[in-house]
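Structural features, examined
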Amino acid sequence: MKIFARPHQLPPRVSAAAIILNSGLDLIHADEQRAAATHGMAAGAYPFLRRMDPALFTRLLARSQVALGAALLAPFVPSLVAGAALTGFAAGLIGLYLRTPGMREEGSPRPTPQGLGVAKDVWLLGIGLGLVVEELRDRQMSGCQH
């Protein structure tokens, strides 16, 4: 596994990190009302989260976002690791988009105005998958050269 991100991987990593880190830092100091709203939206899409305390959920989400953003910014975090973490996070956001009523037009994957903000997070999924696929391909190619 490559230890340092390659120069061409840094722009998408930094772009994703800026958004995720900002979101996490903003969420760290969420009041009870914001925590309840954040938790409610997540629990609506992922029912197993209903058992979790809204404040705890929001703190954990915020800390996870800060950690993910920092990992993406740190060039010594392997792109395979950072990409896999970003892919998982983005898949959760896309799941939220697909499972929350009112975010998509009836019978269509196209977003409603309310869903546009979350639907646009598909770019995070693309960056994460791109990092993972590139690293796995390079690993496979270097294994074939022996």
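Read on for an overview of the structure.

Each value, and the rule that gives it
- Residues numbered from 1 in each chain as written.
- Predicted model: local features only at pLDDT ≥ 70, side-chain atom pairs only at ≥ 80, totals over all residues.
- Heavy atoms only, no water.
- Helix = DSSP H or I, 4+ residues; strand = E, 2+ residues; numbered from the N terminus.
- Buried < 20%, exposed > 50% of the residue type's maximum accessible area, 1.4 Å probe, protein only.
- Contact = heavy atoms within 4.5 Å.
- Areas by Shrake-Rupley, 256 points an atom, 1.4 Å probe, with all protein chains shown as cover.
- Lys, Arg positive; Asp, Glu negative; His and termini not counted.
- Charge placed at Lys NZ, Arg CZ, Asp CG, Glu CD.
- Salt bridge = Lys/Arg side-chain N within 4 Å of Asp/Glu carboxyl O.
- 1 Å grid on protein atoms, 1.4 Å probe; cavity = no way out; pocket = protein on both sides within 12 Å on 5 of 7 lines; lining within 4 Å.
- Points joined across faces, edges and corners; volume = space filled by probe spheres on them.

Moving on to the overall build of the chain. Looking only at helices and strands, the chain features six helices and zero strands. Listed by position from the N terminus, the elements making up the chain come as α-α-α-α-α-α. Projecting the C-alpha coordinates of the chain onto the three principal axes gives extents of approximately 55 × 35 × 25 Å. With 146 residues in all, the chain has 38% of them scored as buried. Within the chain, counting contacts between residues at least 6 apart in sequence, those at least 24 apart form 67% of the total. Just so you have it, the chain exposes about 8,600 Å², and 65% of that area is on carbon and sulfur atoms. Distance between charge centroids for the chain: 6 Å, based on 14 positive and 10 negative side chains.

If you walk through the whole model with that rule in mind, you get five salt bridges. The salt bridge involving E135 is made with R6; its shortest N-O contact spans 2.4 Å. You can see E135 sitting in helix α6 (residues 122-144) and its partner R6 sitting in the segment before α1 (10-28), a full 129 residues away along the chain. Owing to a relative accessible area of 17%, R6 belongs among the buried residues under this scheme. In this structure, R6 and D138 form a salt bridge, with 2.4 Å as the shortest nitrogen-oxygen distance. In this pair, R6 is assigned in the segment before α1 and D138 in helix α6, connecting sequence segments 132 residues apart. Residue class for D138 comes out buried when judged on its relative accessible area of 15%. Shared partners join several salt bridges into a network, and the residues in it are R6, E134, E135, R137 and D138.

The next subject is the layout of surface pockets. Computed from the structure, the largest pocket encloses a volume of approximately 740 Å³. Lining the largest pocket are 27 residues; nearest its centre among them are L61, Q65, F89, L93 and L96. Those elements giving two or more residues to the lining of the largest pocket turn out to be α1, α2 (32-45), α3 (54-73) and α4 (79-99). Sort the elements by how many residues they give to the lining of the largest pocket and α1 lands first, with six residues.

The next point concerns the environment of T38. When you line up the elements, T38 lands in helix α2. Put simply, T38 and A55 are 17 residues apart on the chain and 9.3 Å apart in space, counted from C-alpha to C-alpha. With residues near it in sequence (within four places) discarded, T38 still touches L27, F57, T58 and L61.

Geometric values such as these leave the question of function open.
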